[in-house]
Amino acid sequence: MKINESYSNLWKKEFYKSDVVSYDLKWFNKFNKNVKHYEFLNIVKKYLDTNMSWLDSPVGSGRFMREVNCINKFGFDYSHEFLDFIKNYGIKPIHGDINNYKFDANYDFVTCFNMLFAFSNPLDIISNLSNACKDNGYLIFDLNNDD
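The rules behind these values
Residues numbered from 1 in each chain as written. Predicted model: local features only at pLDDT ≥ 70, side-chain atom pairs only at ≥ 80, totals over all residues. Heavy atoms only, no water. Patch = residues over 30% accessible without salt bridge, like charges linked within 9 Å, V, L, I, M, F, W, Y side chains within 5 Å. Areas by Shrake-Rupley, 256 points an atom, 1.4 Å probe, with all protein chains shown as cover. Salt bridge = Lys/Arg side-chain N within 4 Å of Asp/Glu carboxyl O. Helix = DSSP H or I, 4+ residues; strand = E, 2+ residues; numbered from the N terminus. Buried < 20%, exposed > 50% of the residue type's maximum accessible area, 1.4 Å probe, protein only. Arc of directions from axis to C-beta. Contact = heavy atoms within 4.5 Å. Pairing = 2+ DSSP bridges. Axes fitted to C-alpha atoms, helices over the stretch in contact; angles between N-to-C directions. Lys, Arg positive; Asp, Glu negative; His and termini not counted. Polar contact = N/O pair within 3.5 Å; in protein donor to acceptor, adjacent residues only side chain to side chain. Right-handed = clockwise from strand over helix to strand, strands pointing away. Phe/Tyr/Trp six-rings, centres within 6.5 Å; stacked < 30°, edge-to-face > 60°. Lys NZ or Arg CZ within 6 Å of the ring centre and 35° of its normal.

Trainee: I would appreciate a short explanation of a nonpolar patch on the surface in the present structure.
Mentor: A surface patch of nonpolar side chains, about 240 Å² in accessible area, is lined by Ile43, Tyr47 and Tyr138. Residue placement: Tyr138 occurs in strand S5 (residues 133-141).

The structure is reproduced here in structure tokens:
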């Protein structure tokens, strides 16, 4: 990743394999500075049953999914490099653009962390992801609030 590049704009550019590995290692090398990730994991572990179907969008390197026991894991992302990477961890890849992808209600559990802040239309994305939830499914996401 280029140091002078805005992190929130990297999803728009093509990721390379070296970028995926660097992104993934950040989770493990700077874990003490990523308390929010630890909290996200606690939330997921509280509500996710191992037999549920889980969709994480964007999946990135699948680092959340790799930390939680679940049989049916699906990762949605725009980056082909991320999607190729997650296959090594038993996560089924789904490619698409979150702005116009039409999800079917196939998932018991849908997560969306560390992404919505980078978009001008977070409510549209949340609505789109809610369509991915089965009846009585869970949609868990985070929102940054400048106020």
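Right, picking up where we left off after that structure.
Trainee: Is there a simple way to think about helix H5 (residues 122-130) in this case?
Mentor: Since one α-helical turn is 3.6 residues long, residues separated by three or four positions face the same way. Every buried residue belonging to H5 is among Ile125, Ile126, Asn128 and Leu129, and all of these are buried. All buried residues of H5 fall inside an arc of 160° around its axis, so they share one side. Seen from the open side of H5, the exposed residues pointing more than 90 degrees away from its buried face are Leu123 and Asp124. Of the surrounding secondary structure, the elements contacted by the buried residues of H5 are strand S4 (107-112) and S5.

Trainee: Can you walk me through the environment of Ser61 in this structure?
Mentor: Mapped onto the fold, Ser61 is located in the loop between strand S1 (53-56) and helix H3 (63-66). When the C-alpha positions of Ser61 and Val21 are compared, they lie 8.0 Å apart, and in sequence the two are 40 residues distant. Ser61 has contacts with Val20, Tyr23, Asp24, Arg66, Phe82, Phe85 and Ile86, leaving out every residue within four places of it along the chain.

Trainee: Got a minute to help me understand the pattern of salt bridges in this structure?
Mentor: Pairing of side chains with opposite charge becomes possible as their charged atoms draw close. Inspection of the entire model under this criterion finds two salt bridges. The salt bridge partner of Asp84 is Lys87, with a shortest N-O separation of 3.5 Å. Lys134 is the salt-bridge partner of Asp108, the closest N and O atoms lying 3.6 Å from each other. Of the two residues, Asp108 sits in strand S4 while Lys134 sits in strand S5, which places them 26 residues apart along the sequence. A relative accessible area of 21% places Asp108 in the partly exposed class.

Trainee: Looking at this structure, I do not really get the sheet that holds strand S3 (residues 92-95). What am I missing?
Mentor: In a beta sheet, neighbouring strands pair by backbone hydrogen bonds and run either parallel or antiparallel. Ordered by their spatial adjacency, five strands build an open sheet running S3-S2-S1-S4-S5, and the pairing between neighbours is parallel. Each having just a single partner strand, S3 and S5 make up the two edges of the open sheet. Each strand of the sheet is rotated relative to its neighbour by a mean of 20°, with strand direction disregarded. In the sheet, strand S2 (residues 72-77) pairs with S3 via four bridges, with the strands oriented parallel.

Trainee: Quick question: what am I supposed to make of the side chain of Asp56 here?
Mentor: Within the fold, Asp56 resides in strand S1. At 8.2 Å, Arg63 is the nearest oppositely charged side chain to Asp56, a buried residue that forms no salt bridge. A distance of 2.7 Å separates polar atoms of two side chains, one belonging to Asp56 and the other to Thr111. Setting aside its immediate chain neighbours within four residues, Asp56 contacts Phe64, Met65, Phe74, Gly75, Phe76, Thr111 and Cys112.

Trainee: Before we go on, may I ask you to explain the pairing of S2 in this structure?
Mentor: In summary, the side chains of a regular strand alternate between the two faces of the sheet. Most of S2 sits out of view: five of its six residues are buried. In terms of strand pairing, S1 meets S2 through four bridges, oriented parallel. Looking at the pairing, Trp54 lines up with Lys73 of S2. A crossover connection joins S2 to the parallel S3 through helix H4 (residues 80-86); in handedness this β-α-β unit is right-handed.

Trainee: Explanation requested: the packing of aromatic side chains in the structure shown.
Mentor: This model, assessed by the stated rule, comprises eleven aromatic pairs. Of the aromatic side chains, those joined through ring pairs into one cluster are Tyr47, Trp54, Phe109 and Tyr138. Taking NZ or CZ as reference, Arg66 lies 4.2 Å from the ring centre of Tyr89, over its face. Of note, Lys92 hangs over the ring of Phe74, and the distance from its end group to the ring centre comes to 4.9 Å.

Honestly, it's all geometry; don't read function into it.
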